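# Geometric and topological summary
Here is what each chain is made of, one letter per residue.
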Amino acid sequence: MMSKISTILIPFNFSNTSEKALDYAVEFVGKDPNLQIILAYVLDGNNSVKKEEVLKAVGDKYGASLKRPIEWVSTKGTLTESLLSITEKQHIDLIIMGTFGAFDDDDSKPTNTSKLVAEVNRPVLVVPYTTQEFKMKNIALVLGKEEIEDTKALDTLLRVARRFNAQVHVLTIQNKPGIYGYSEIDEKNENAIQYYLENFYADRMFIENPDVVEGILKYAVDKNIDAITILPRNHSKNSMPSKGLLTHELTLHSKVPVLAIN
């Protein structure tokens, strides 16, 4: 959870997905002098690039769009471990990472992106390669029946919503029989949402669907949602940590960016 957004890390290996993430990040940052983009290039023994040449090429391409020059960090090792180390050393507030996602509806193999989201204790904005343009006007916040463990995580969402004057639509998928929206936990969550999201809180929806992921993705299409926000419980301290199945499936199958606030 971050109390500010000032440093943004982008894993960058010159692939189409990493270039898509960088394009998205440049739009996210704009001319804000308080935001710094840092590219992370992880050497795995099979790739090598002259740092100076790359920096110049990237700088030339995006220099006119940014107030602060893009910085560069390179290291050797496995991707996830290297990115976790860079995140700590560089005091990263937000990671923006591209992904191809799943190749078909039945594909559920972990990707580098889904692995990182599960491991890192920072917000990660996952940008699918199919993302056509940068938009951040309607954000869906997905909640389950559990109480929001760290309500301050909503402050991260508020900062994004405030930055782009976006409306936040809170969604719960009713995948099991029961009463939704009237429990003590629901009331606590509602109070926290109203407090943290202020006037950016648009509405609260409960939708029946036995398949949670399908319900979320259908809602995103029907309501023209620009980004889906989730609050993974991978690092839960007050309850049993989640295995991150919802996070994994959404980063694989969503056609719009997914903001995982760890």
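Above this note sits the structure.
Residues numbered from 1 in each chain as written. Predicted model: local features only at pLDDT ≥ 70, side-chain atom pairs only at ≥ 80, totals over all residues. Heavy atoms only, no water.

### Looking at the overall build of the protein chain
Quick note on the threshold: Where helices and strands are cited, they refer to DSSP runs of H or I of at least four residues and of E of at least two residues respectively, numbered from the N terminus. In this scheme, a residue with accessible area under 20% of its type's maximum is buried, one over 50% is exposed, and one in between is partly exposed, where area comes from a 1.4 Å probe on protein chains only. Note on contacts: a residue pair qualifies if any of its non-hydrogen atoms lie within 4.5 Å across the two residues.
Scanning the protein chain from terminus to terminus reveals 8 helices and 10 strands. Counting the 262 residues in the protein chain, one finds 50% classified as buried. Pairs at least 24 apart in sequence give 83% of the contacts found in the protein chain among residues at least 6 apart.

### Details of the pattern of salt bridges
Here is the rule: We count a salt bridge whenever a side-chain nitrogen from Lys or Arg sits within 4 Å of a carboxyl oxygen from Asp or Glu.
Counting across every chain of the model gives 8 salt bridges. The partner of Glu 190 in a salt bridge is Arg 204, and the shortest N-O contact between them spans 3.9 Å. Here Arg 204 lies in strand 8 (residues 201-208) and Glu 190 lies in helix 6 (residues 184-197), a separation of 14 residues in the sequence.

### With respect to helix 1 (residues 16-29)
We count it as follows: Helix span, as expected, comes to 1.5 Å for every residue beyond the first.
For helix 1, spanning 14 residues, the distance from its first C-alpha to its last is 20 Å, which sits close to the expected 20 Å at 1.5 Å a residue. Along helix 1, the positions that sit buried rather than exposed are Thr 17, Ser 18, Ala 21, Leu 22, Tyr 24, Ala 25, Val 26, Phe 28 and Val 29.

### Looking at unusual backbone geometry
The backbone of Glu 198 sits at a positive phi, close to 55°, despite the residue not being glycine. Judged by its relative accessible area of 38%, Glu 198 falls in the partly exposed class. The phi angle at Asn 224 is positive, at roughly 55°, despite the residue not being glycine. Looking at the element boundaries, Asn 224 is found in the loop between helix 7 (212-222) and strand 9 (227-230). With relative accessibility at 57%, the residue Asn 224 sits in the exposed group.

### Here we look at the nonpolar core
The test is simple: Joining through side-chain atoms within 4.5 Å is the link that ties buried Ala, Val, Leu, Ile, Met, Phe, Trp, Tyr and Cys residues into a set, and such a set is a nonpolar core.
If you look at the biggest cluster of nonpolar residues, it comprises 52 residues, and the most contacted ones within it are Leu 22, Ile 37 and Ile 96. Not counting chain neighbours up to four residues away, the residues in contact with Ile 37 comprise Ile 8, Ile 10, Leu 22, Ala 25, Val 26, Val 29, Leu 66, Ile 70 and Glu 71. Among the nonpolar cores identified, the runner-up in size contains 30 residues, and Leu 83, Val 213, Ile 216 and Ile 225 belong to it.

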